[in-house]
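# Residue-level structural notes
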Amino acid sequence: MSKTIAINAGSSSLKWQLFEMPQEEVIASGIVERIGLNDSIFTIKYGEGEKFNETLDINDHEFAVSRIFEKMIELNIIGSFDEITGAGHRVVAGGEDFKESALIDDEALAKIEALAEFAPLHNPAEAKVIRIFQKLVPGAVNVAVFDTSFHTTMPAVNYLYSIPMEYYDKYQARKYGAHGTSHRYVADRAADMLGKDIKDLKIITCHLGNGASITAVDGGKSIDTSMGFTPLAGVTMGTRAGDIDASLLPYLMEKEGLTDIKDMVDILNKKSGLLGLSGISSDMREVEESDSENAKLALEIFNNRVQKYIGSYIAAMNGVDAIVFTAGIGENGVEVREEIINGITWFGCEVDKEKNNVRGKEVVISTDDSKVKVLLIPTDEEVMIARDVEALKN
Ligand code: ADP
């Protein structure tokens, strides 16, 4: 028996789950929020529904990680650091180098750091946390699990942008996608739930959370995905614009008197999407609850963009057997799921209103005669990370 920790480090947050492996039992989990700010929030859940919370200033990731370990010992979650034999780190950008999860050695870590150009907010923080783990738990195997790996099976016809080829040749300017671990997990689960070999299935996975992406999974492989060079592209998201015409950037910059393109991209990343359209919130629940016309329109636009991606992926795969909903909105948004599928029944899918009236559990929500199966599958990126650590450790 051994314990594996799955870590998801962002620039100002760190989420983790500790598993007893190989039985995949979650023995503790936690979040550190507001790293680098005052009044950081530190939470651990463990045992039989027990919780530990504190608010203190956590200035950097090193302190966050050492605090997690200190508290795990104090709360008797582990007896000593040696019990943790594996650490799986979610890494946002793996570029073209990492086609699957990788054991971290000096070379891999240097590559992850070099890929910061593709994910400036994430990769540096993730690399930092890997180094901290190497120091604090030298006996543990460190594994990187990339958001992009699952999408490295995309063919050039889907990952290339129609821009001068030299930009791809010189700078690897192409589509990489994201949320790969989630798409991989739910596609596998969908095949299991349908009792079919994934190799025989065409699946469209809709990861609809604060960030959202749609993936076409043909025979178990991602062949196209809605996010692009970065997670900014694709469908309308909580605060991200999704696809837009690039010519809008210089036009809006001139009108708004912006001189730094980074400020414009910031607006597209942080002030657009549901938030920008509704003027109310980036949170789907608040948008749904609002009576404002703009909030209603935001909701319609959100559903519309997802429908259009589903339609285009049915075309790309020349068919579809199953459509999967996952992540915060996909798992809980009963109306969103119904609206999306009700608008595309021509493709042979129909939602069973009663079956769809559930939240957060694995269930087929299409009618018995629906040609295309529609499934709700809660995602579990952490267990996927722990599994990859286990596979590479042995
Ligand atoms: P993140 O990308 O931050 O991990 P999540 O997957 O947690 O995001 O999804 C967050 C989104 O899920 C929010 O927009 C939230 O409003 C939405 N959500 C959560 N519960 C519900 C619900 N009951 N109905 C509709 N949307 C919901």
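Because the structure is a prediction, the values reported are computed rather than measured.

All right, on to the state of the cysteines then. Summed over the entire model, instances satisfying the criterion amount to zero disulfides. Cysteine 206 forms no disulfide, and the closest cysteine sulfur to it belongs to cysteine 349, at a distance of 10 Å.

Moving on to a nonpolar patch on the surface. A cluster of nonpolar side chains, contributed by Tyr161, Ile163, Tyr167, Tyr171 and Phe229, occupies part of the molecular surface with about 470 Å² of accessible area. By the secondary structure assignment, phenylalanine 229 is in the loop between β11 (221-225) and α7 (248-256). A relative accessible area of 33% places phenylalanine 229 in the partly exposed class.

This paragraph deals with the UniProt feature "site: Transition state stabilizer" (unreviewed entry) in the protein chain. If you check UniProt for "site: Transition state stabilizer" (unreviewed entry), the listed places come out as His179 and Arg240 in our numbering. Summarising the element assignment, histidine 179 is placed in the loop between α5 (165-171) and α6 (180-194). Look past the residues within four positions of histidine 179 in its chain and what remains in contact with it is Asp147, His151, His207, Gly211, Ala212, Ser213 and Met227. Position of arginine 240 relative to the elements: it lies in the loop between β11 and α7. According to the relative accessible area criterion, arginine 240 is partly exposed, its value standing at 21%. Once residues within four sequence positions are removed from consideration, arginine 240 is found in contact with Gly211, Met227, Pro231, Leu232, Leu268, Asn269, Ser272 and Gly273.

The next point concerns the nonpolar core. In terms of nonpolar packing, the biggest core is built from 39 residues, with Leu208 and Ile323 touching the most fellow members. Taken together, the elements giving at least two residues each to this core come down to β9 (202-208), β10 (212-218), α10 (284-289), α11 (293-317), β12 (322-326), α13 (334-342) and β14 (373-376). The leading source of residues in this core is α11, at nine residues. Once residues lying within four places of it in the same chain are set aside, the contact partners of isoleucine 323 are Ile204, Cys206, Ile310, Ile341, Ile344, Cys349, Val372, Lys373, Val374 and Leu375.

In the UniProt entry, the feature "active site" (unreviewed entry) is given for Asp147. In this structure aspartate 147 touches Arg90, Val91, Val92, Ala178, His179, Gly180 and Thr181, once residues within four positions along its chain are discounted.

If you walk through the whole model with that rule in mind, you get 24 salt bridges. One salt bridge in this structure joins glutamate 362 and arginine 189, with 2.8 Å as the shortest N-O distance. Taken together, the residues glutamate 362 in the loop between α13 and β13 (363-364) and arginine 189 in helix α6 connect sequence positions 173 residues apart. One network of salt bridges, in which partners are shared, links Lys3, Glu20 and Glu83.

What follows is about helix α1 (residues 61-74). Here α1 contains 14 residues, and its C-alpha end-to-end distance of 20 Å stays within 8% of the 20 Å for a straight helix at 1.5 Å per residue. Considered for burial, the residues of α1 that qualify are His61, Ala64, Val65, Arg67, Ile68, Phe69, Lys71 and Met72. Where α1 terminates, the next one or two residues include asparagine 76, which has phi positive at roughly 60 degrees.

Below, the discussion takes up the packing of α7 against helix α8 (residues 261-270). To characterise two packed helices, one gives the angle between the axes of the helices and the distance between these axes. Relative orientation of the contacting elements α7 and α8 amounts to 105 degrees, with a least axis distance of 10 Å. In this view, α7 runs roughly perpendicular relative to α8, as classed from their interaxial angle. Between α7 and α8, the contacting residues are Leu249, Leu252 and Met253 on the first element and Ile261, Met264 and Leu268 on the second. Among the residues forming the contact of α7 with α8, the class breakdown is six nonpolar, no polar and no charged.

Procedures and definitions
- Per chain, residues are indexed from 1 in the order of the written sequence.
- The predicted nature of this model means local features are confined to residues of pLDDT at least 70 and side-chain atom pairs, given and counted, to a pLDDT of 80 or more, with totals for whole chains, interfaces and linings taken over all residues.
- To get the side-chain values, all heavy atoms of the structure are used, and hydrogens and water are removed first.
- The disulfide criterion used throughout: a pair of cysteine sulfur atoms within 2.5 Å.
- Candidate patch residues must exceed 30% relative accessible area and have no salt bridge, after which like charges are joined if within 9 Å and Val, Leu, Ile, Met, Phe, Trp or Tyr side chains if within 5 Å.
- Under the convention used here, a 1.4 Å probe and the Shrake-Rupley method define accessible areas, while residue burial counts only the protein chains that appear.
- We define a salt bridge as a contact between a side-chain nitrogen of Lys or Arg and a carboxyl oxygen of Asp or Glu at a distance within 4 Å.
- The helix and strand labels rest on DSSP assignments: H or I over at least four residues marks a helix, E over at least two residues marks a strand, and numbering proceeds from the N terminus.
- Buried residues are those whose accessible area, probed at 1.4 Å on protein chains only, stays under 20% of the maximum for their type, while exposed residues exceed 50% and partly exposed ones sit between those limits.
- UniProt positions are given in the numbering used here, feature names are shortened, and annotations may be inferred rather than shown by experiment.
- In what follows, a contact means two residues having at least one pair of non-hydrogen atoms within 4.5 Å.
- Take the buried Ala, Val, Leu, Ile, Met, Phe, Trp, Tyr and Cys residues and link them wherever side-chain atoms come within 4.5 Å; each set so joined is a nonpolar core.
- Each residue after the first adds 1.5 Å to the expected span of a helix.
- Axis geometry follows a simple rule: fit a line to the C-alpha atoms, using only the stretch in contact for helices, then measure angles between N-to-C directions, giving values from 0 to 180 degrees.
- In these notes the angle categories are as follows: under 35 degrees is roughly parallel, over 145 is roughly antiparallel, 65 to 115 is roughly perpendicular, and the rest is oblique.
- All residues other than Ala, Val, Leu, Ile, Met, Phe, Trp, Tyr, Cys, Pro, Asp, Glu, Lys and Arg, Gly among them, are scored as polar; the first ten of these are nonpolar and the last four charged.

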